[in-house]
Amino acid sequence: MPGLIQNEWMKIFRRPGTYVMIGLLLIMTTVAGAFIKYQESGGTVPDNTEWKRGLQTQNESYQKQLEEMGEMVPRDMKEQYQREIALNKYRIQHDISPNEEYSIWGFVSDTSQLIEFAGLFTIIIAGGIVASEFTWGTIKLLLIRPIKRVKILGAKYITVILFGLMLLAVLFGYSALLGGLLFGFPEKAIPYLYYYNGTVQEQSMGLHLIAYYGLKSINMLMLATMAFMISAVFRNSSLAIGLSLFLMFMGGQVTRLIAMKYDWAKYSLFANTDLLQYYEGVPMVQGMTLGFSIMNILIYFLLFQVLAFYVFNKRDVSA
Amino acid sequence: MIPALKTSAKNGQSITSWEEDEYMDTLVEIQDVTKVIKGRTIIDSVSFDVKKGEVFGFLGPNGAGKTTTIRMLVGLIGITSGDIKILGSSIKTDFEKAVSHIGAIVENPEMYKFLSGYQNLIHYARMSKGVTKEKIDETVELIGLTDRIHDKVRTYSLGMRQRLGLAQCLLHDPQILVLDEPTNGLDPAGIREIRDHLRMLARDRDMAVIVSSHLLSEMEMMCDRIGIIQNGKLIDVQHINDFVQGNEKVYEVEVDDPDKAQRMLKSIYPELPIQVTENSVFLPLVRDGIPEMIKEFVRTDVKIFAVREVTKTLEDRFLEVTEFKGGAGHARTDSK
Ligand SMILES: Nc1ncnc2c1ncn2[C@@H]1O[C@H](COP(=O)(O)OP(=O)(O)OP(=O)(O)O)[C@@H](O)[C@H]1O
Ligand SMILES: [Mg+2]
């Protein structure tokens with residue numbers, strides 16, 4: 001197995017396209033850094049010593065709105081307000097100012113937007129890793145080795161995952177490096193606050209960001225798995241990449257639209273891949289829980305894998 | 001042992017020297033193999049064996065089913081019914097073991113063009129057990145690609161790619177080589193080289209070699225036995241010399257009046273295919289029939305200047321067999 005993964009890794013890194021992907025990721029991070037740095041309000045702290053009073057008024061206005069609207073208030077708005085109120089109260093009680101200095105953590109958190117690009121590149125690799133062997137005609141020589149097809153496909157999938165992790169590591173590492181250089185470390189460690197199940201909790205910034213990256217990558221992981229499955233089943237990399245990218249950009253929106261009218265939208269993959277909704281926002285459909293989403297993700301994952309492995313194992317190879 | 005005997009019985013041949021070796025190991029057994037794709041029977045009950053040290057030629061017109069048979073042999077496609085055994089292991093149920101004895105090229109040996117020849121070999125070496133760096137170098141040396149092995153495959157000529165393909169299947173020291181049209185696209189020198197390689201491998205390393213080819217004259221020079229396949233059916237398996245010569249030979253009789261000779265022959269041997277040229281007639285005959293034929297010529301007053309035996313080439317024989325047994329072959333090429 002290590003040899004097989006080594007082979008796949010070699011086939012990825014002997015192609016110039018791969019370096020273009022990594023280069024683009026680095027360039028985008030750099031541009032983001034430069035942009036934030038030279039933006040006027042960039043690195044400065046909002047000059048507001050009266051922040052406690054500010055939060056107090058904010059809370060009062062939220063409270064008032066909720067009371068005025070009463071039963072009319074939409075569910076997600078209500079939950080959003082409750083969350084804000086709880087976080088503000090916690091800040092006032094524990095003396096944690098919302099006006100943090102923009103630092104390395106802020107930057108790493110901002111560049112987490114670029115995970116979408118890391119995902120996009122992983123999807124491109126996943127969509128090609130099986131289908132390309134068919135278009136190159138090399139599948140014949142690959143499958144007449146004394147190795148079961150299941151193992152060959154397994155090595156390919158693991159390689160895709162490793163490639164995705166590598167891109168994430170590059171993004172995280174480079175962002176941290178660049179953020180540290182451009183914006184420096186904060187003077188005192190500021191905890192990250194999150195609201196889950198009606199209570200507010202503290203977490204260290206570094207840990208929070210790693211978890212944040214991890215949760216944000218689930219969507220990408222699932223889309224890459226789907227691209228891999230399409231690649232193995234239909235032997236067509238354009239289809240695999242095209243469909244997965246389309247769903248990456250549209251899947252969430254479409255599910256959100258359906259969710260406004262129908263409850264079953266909660267079974268859609270895209271209603272569940274964003275686990276951050278349970279910590280930072282409002283679940284897409286009322287009644288969804290973290291456990292439900294994890295279950296859903298697992299079922300989709302198994303479905304993709306079973307399809308890919310079953311078809312690839314049975315297929316007559318006459319490319 | 002038994003299937004080997006079955007083959008000889010089927011072909012109804014007398015014991016000749018190669019058959020005495022039949023107790024040597026049979027490395028490949030193809031047992032009543034059938035392949036149906038979308039309701040069409042592409043391979044129909046094909047059986048044959050290949051032994052150690054033997055070069056087996058697989059011959060047939062375009063679309064006959066050579067590549068399909070080879071694909072089943074190396075496990076690229078499933079077998080609808082029947083079985084294929086490699087050193088006793090079934091390719092169906094014991095794929096890893098069976099295929100570890102095979103080195104193969106199926107159609108063109110497509111390699112990773114963005115890798116160098118050497119990297120390609122490393123890639124395949126990692127997929128078989130116990131292939132060392134020395135072994136790779138040795139193989140590269142053997143197929144004569146040392147100068148260019150570190151260049152990208154993209155820059156290789158067709159002949160160099162064929163050589164690399166050959167290197168790829170020799171890496172793990174297989175006992176069986178399966179080559180689908182290995183001389184495809186090679187110049188005469190390249191063809192000759194491949195031929196010599198194969199003969200050498202079969203003889204010196206005691207490998208079993210299965211080759212398919214369109215170049216019939218090639219088969220004649222490199223194969224010990226020939227199997228002819230047409231429309232998915234194996235219609236003949238013969239030792240090369242028996243195959244080329246058959247029981248009958250063709251004789252050319254040089255005469256003063258070929259037309260008269262033909263009329264006379266037609267009346268006596270109405271079955272025989274007789275050909276006429278400007279000053280000779282050609283007819284197939286067994287040796288013992290010659291005096292009788294000459295007598296008839298003399299009786300009808302046809303002057304004979306010469307009677308010569310015409311040695312048939314494999315090509316003549318091939319066309320003869322395929323036309324006679326299976327009707328005209330399809331002129332179909334692979335659509336890939
Ligand atoms: N995947 C497939 N689906 C349908 N028909 C197929 C498939 N593969 C092969 N065939 C058919 O099977 C027959 C045998 O094809 P095959 O490629 O084995 O011929 P071949 O003897 O190798 O011919 P050639 O000398 O042209 O290489 C052909 O009629 C071909 O059209
Ligand atoms: Mg063919």
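Residues numbered from 1 in each chain as written. Chains lettered and ligands numbered in written order. Predicted model: local features only at pLDDT ≥ 70, side-chain atom pairs only at ≥ 80, totals over all residues. Heavy atoms only, no water.

As recorded by an unreviewed UniProt entry, chain B carries the name ABC transporter domain-containing protein and is attributed to Cytobacillus firmus DS1. In its Sequence similarities (unreviewed entry) section, the UniProt entry covering chain B states "Belongs to the ABC transporter superfamily." (UniProt positions renumbered as here; feature names shortened; annotations may be inferred.)

An unreviewed UniProt entry lists chain A under the name ABC transporter permease YhcI, with Cytobacillus firmus DS1 given as the organism.

Asks: Honestly, the site of ligand 1 in this entry has me stumped. Any pointers?
Replies: Around ligand 1 sit 15 residues, and of these Gly65, Lys66, Thr67, Thr68 and His214 of chain B come closest. Looking at the residues close to ligand 1, they fall on chains A and B. Within the contact set of ligand 1, an oxygen atom lies 2.9 Å away from a side-chain nitrogen or oxygen of Asn62 of chain B. In the model, an oxygen atom of ligand 1 is placed 2.9 Å from a nitrogen or oxygen of the Gly63 of chain B main chain. When the free accessible area of ligand 1 is taken as 640 Å², the share hidden by the protein chains comes to 81%. Among the secondary structure elements, those contributing two or more residues to the shell around ligand 1 are strand 2 (40-51) and helix 3 (66-73) of chain B. No other element matches the 3 residues that helix 3 of chain B contributes to the shell around ligand 1. Broken down by class, the residue content of the shell around ligand 1 amounts to 3 nonpolar, 7 polar and 5 charged. (Near = heavy atom within 4 Å. Polar contact = N/O pair within 3.5 Å; in protein donor to acceptor, adjacent residues only side chain to side chain. Areas by Shrake-Rupley, 256 points an atom, 1.4 Å probe, with all protein chains shown as cover. Helix = DSSP H or I, 4+ residues; strand = E, 2+ residues; numbered from the N terminus. Nonpolar A, V, L, I, M, F, W, Y, C, P; charged D, E, K, R; others polar.)

Asks: Is there a simple way to explain the state of the cysteines in this structure?
Replies: Covalent bonding between the sulfur atoms of two cysteines defines a disulfide. Taken as a whole, this structure holds 0 disulfides over all chains when the rule is applied. With no disulfide of its own, Cys169 of chain B lies closest to Cys223 of chain B among cysteine sulfurs, the gap being 16 Å. (Disulfide = S-S within 2.5 Å.)

Asks: Could you clarify how one ought to interpret the sheet that holds strand 9 (residues 225-230) of chain B in this entry?
Replies: Residues and elements named next belong to chain B. What the 6 strands build is an open sheet, ordered 6-7-8-3-9-10; its pairing is mixed. Each edge of the open sheet is held by one strand with a lone partner, namely strand 6 (102-105) and strand 10 (233-239). Each strand axis lies, on average, 15 degrees off the axis of its neighbour in the sheet, ignoring direction. Where strand 3 (residues 55-59) meets strand 9, 4 bridges bridge the pair, whose relative direction is parallel. Bridge pairing in strand 9 places Phe56 opposite Arg225. Set on the sheet, helix 3 makes contact with strand 3, strand 6, strand 7 (176-180), strand 8 (208-213) and strand 9; between it and strand 7 the angle comes to about 145 degrees. (Pairing = 2+ DSSP bridges. Axes fitted to C-alpha atoms, helices over the stretch in contact; angles between N-to-C directions. Contact = heavy atoms within 4.5 Å.)

Asks: Teacher, can you tell me more about the nonpolar core here?
Replies: Most often, soluble globular proteins keep nonpolar side chains buried together rather than apart. Among the nonpolar cores identified, the biggest contains 152 residues, and Val28, Ile84, Ile136, Leu177 and Leu198 of chain B are the most heavily contacted of them. With 14 residues, helix 10 (residues 205-234) of chain A is the largest single contributor of residues to this core. Once residues within four sequence positions are removed from consideration, Ile84 of chain B is found in contact with Glu29, Ile30, Val33, Met72, Leu73, Ile79, Ser89, Ser90 and Ile91 of chain B. (Core = buried A, V, L, I, M, F, W, Y, C linked by side-chain atoms within 4.5 Å. Buried < 20%, exposed > 50% of the residue type's maximum accessible area, 1.4 Å probe, protein only.)

Asks: Just to check I follow, could you spell out a nonpolar patch on the surface for this structure?
Replies: A cluster of nonpolar side chains, namely Leu243, Phe246, Phe249, Met250 and Val254 of chain A, defines an oily patch on the protein surface of about 450 Å² accessible area. Considering the arrangement of structural elements, one finds Met250 of chain A in helix 11 (residues 237-261). (Patch = residues over 30% accessible without salt bridge, like charges linked within 9 Å, V, L, I, M, F, W, Y side chains within 5 Å. Salt bridge = Lys/Arg side-chain N within 4 Å of Asp/Glu carboxyl O.)

Asks: What's the story with the packing of aromatic side chains in this structure? I'm lost.
Replies: All names here are of chain A. According to the stated counting rule, one finds 18 aromatic pairs over all chains in the structure shown. Centre to centre, the rings of Phe172 and Tyr213 are 4.8 Å apart; their planes meet at 80 degrees, and the pair counts as edge-to-face. Here the residue Phe172 occupies a position in helix 9 (residues 149-183), and Tyr213 occupies one in helix 10, the gap between them amounting to 41 residues. Following the ring pairs from residue to residue traces out a cluster consisting of Trp9, Phe13, Tyr19 and Phe163. Taking the ring centre of Phe134 as reference, the NZ or CZ of Arg235 above it sits at 5.4 Å. Seen from the ring of Phe292, Lys266 lies directly overhead, with NZ or CZ sitting 5.7 Å from the centre. (Phe/Tyr/Trp six-rings, centres within 6.5 Å; stacked < 30°, edge-to-face > 60°. Lys NZ or Arg CZ within 6 Å of the ring centre and 35° of its normal.)

Asks: Hey, could you run me through the sheet that holds strand 2 of chain B in this one?
Replies: The strands making up a sheet are joined through hydrogen bonds of the backbone, oriented either antiparallel or parallel. Residue and element names in this part refer to chain B. One open sheet holds the 4 strands; their spatial order is 2-1-4-5, and the pairing between them is antiparallel. Each edge of the sheet is formed by a strand with only one pairing partner; in this case those strands are strand 2 and strand 5 (89-90). Along the sheet, helix 3 contacts strand 1 (26-37), strand 2 and strand 4 (81-86); its crossing angle with strand 1, the most-contacted strand, is approximately 115 degrees.

Asks: When you look at the interface of chain B and chain A in this model, what are you seeing that I'm missing?
Replies: The parts lose accessible area when they come together, and the size of an interface is often stated as this lost area. Each partner contributes residues to the interface: chain B has 31 residues there, and chain A has 29 residues. Taking both sides of the interface into account, the surface hidden between chain B and chain A amounts to around 2800 Å²; carbon and sulfur atoms contribute 59%. Run the count over chain B and chain A and you get 4 salt bridges. A salt bridge links Lys148 of chain A to Glu96 of chain B, with the nearest nitrogen and oxygen atoms 2.8 Å apart. The interface formed by chain B and chain A holds 16 residue pairs in polar contact (both at pLDDT 80 or more) in total. Considering every element that reaches the side of chain B that touches chain A, the biggest residue donor is helix 5 (residues 117-125) of chain B, with 4 residues. For the side of chain B that touches chain A, the residue count by class is 15 nonpolar, 9 polar and 7 charged. (Buried area = accessible area lost by both parts, 1.4 Å probe.)

Asks: Sorry, what's going on with the UniProt feature "transmembrane region" (unreviewed entry) in chain A here?
Replies: All names here are of chain A. When the UniProt feature table is mapped to this numbering, "transmembrane region" (unreviewed entry) covers residues 18-36, 117-136, 157-185, 205-227, 239-259 and 290-312. Here residues 239-259 is 100% helix and 0% strand, with 27 Å between the C-alpha atoms at its ends. Taken end to end, residues 290-312 is 100% helix and 0% strand, and its first and last C-alpha atoms sit 33 Å apart.

Asks: Explain the pattern of salt bridges here, please?
Replies: Pairing is possible between side chains of opposite charge, provided their charged atoms come close. All names here are of chain B. Inspection of every chain in the model, using the stated rule, returns 23 salt bridges over all chains. Measuring nitrogen to oxygen at the nearest pair gives 2.5 Å for the salt bridge that ties Glu54 to Arg225. Of this pair, Glu54 sits in the loop between strand 2 and strand 3 while Arg225 sits in strand 9, and the two are 171 residues apart along the sequence. Its relative accessible area of 5% is what places Glu54 among the buried residues.

Asks: Explain the pairing of strand 10 of chain B here, please?
Replies: All names here are of chain B. Across the 7 residues of strand 10, 5 count as buried, placing the element largely inside the fold. Bridge count for strand 9 against strand 10 is 6 bridges, and the pairing is antiparallel. Bridging across to strand 10, Ile226 finds its partner in Gln238. Where strand 9 hands over to strand 10, the hairpin turn is made up of 2 residues, of which Asn231 adopts a positive phi near 45 degrees.

Asks: Help me out: how do you make sense of the packing of helix 6 (residues 115-129) of chain A against helix 9 of chain A in this one?
Replies: A pair of packed helices can be characterised by two numbers: the angle between their axes and the separation between those axes. All names here are of chain A. Two elements in contact, helix 6 and helix 9, have axes separated by 9 Å at closest approach and are oriented at 160 degrees. Classed by the angle they form, the pair helix 6 and helix 9 counts as roughly antiparallel. Both helix 6 and helix 9 take part in a crossing whose hand is right-handed. On helix 9, the residues touching Ile115, Ala118, Phe121, Thr122, Ile125, Ala126 and Ile129 of helix 6 are Lys156, Thr159, Val160, Phe163, Gly164, Leu167, Leu168 and Leu171. Of the residues that constitute the contact of helix 6 with helix 9, the class distribution is 11 nonpolar, 3 polar and 1 charged. (Parallel < 35°, antiparallel > 145°, perpendicular 65-115°, else oblique. Left-handed = near helix turned anticlockwise from the far one by under 90°.)

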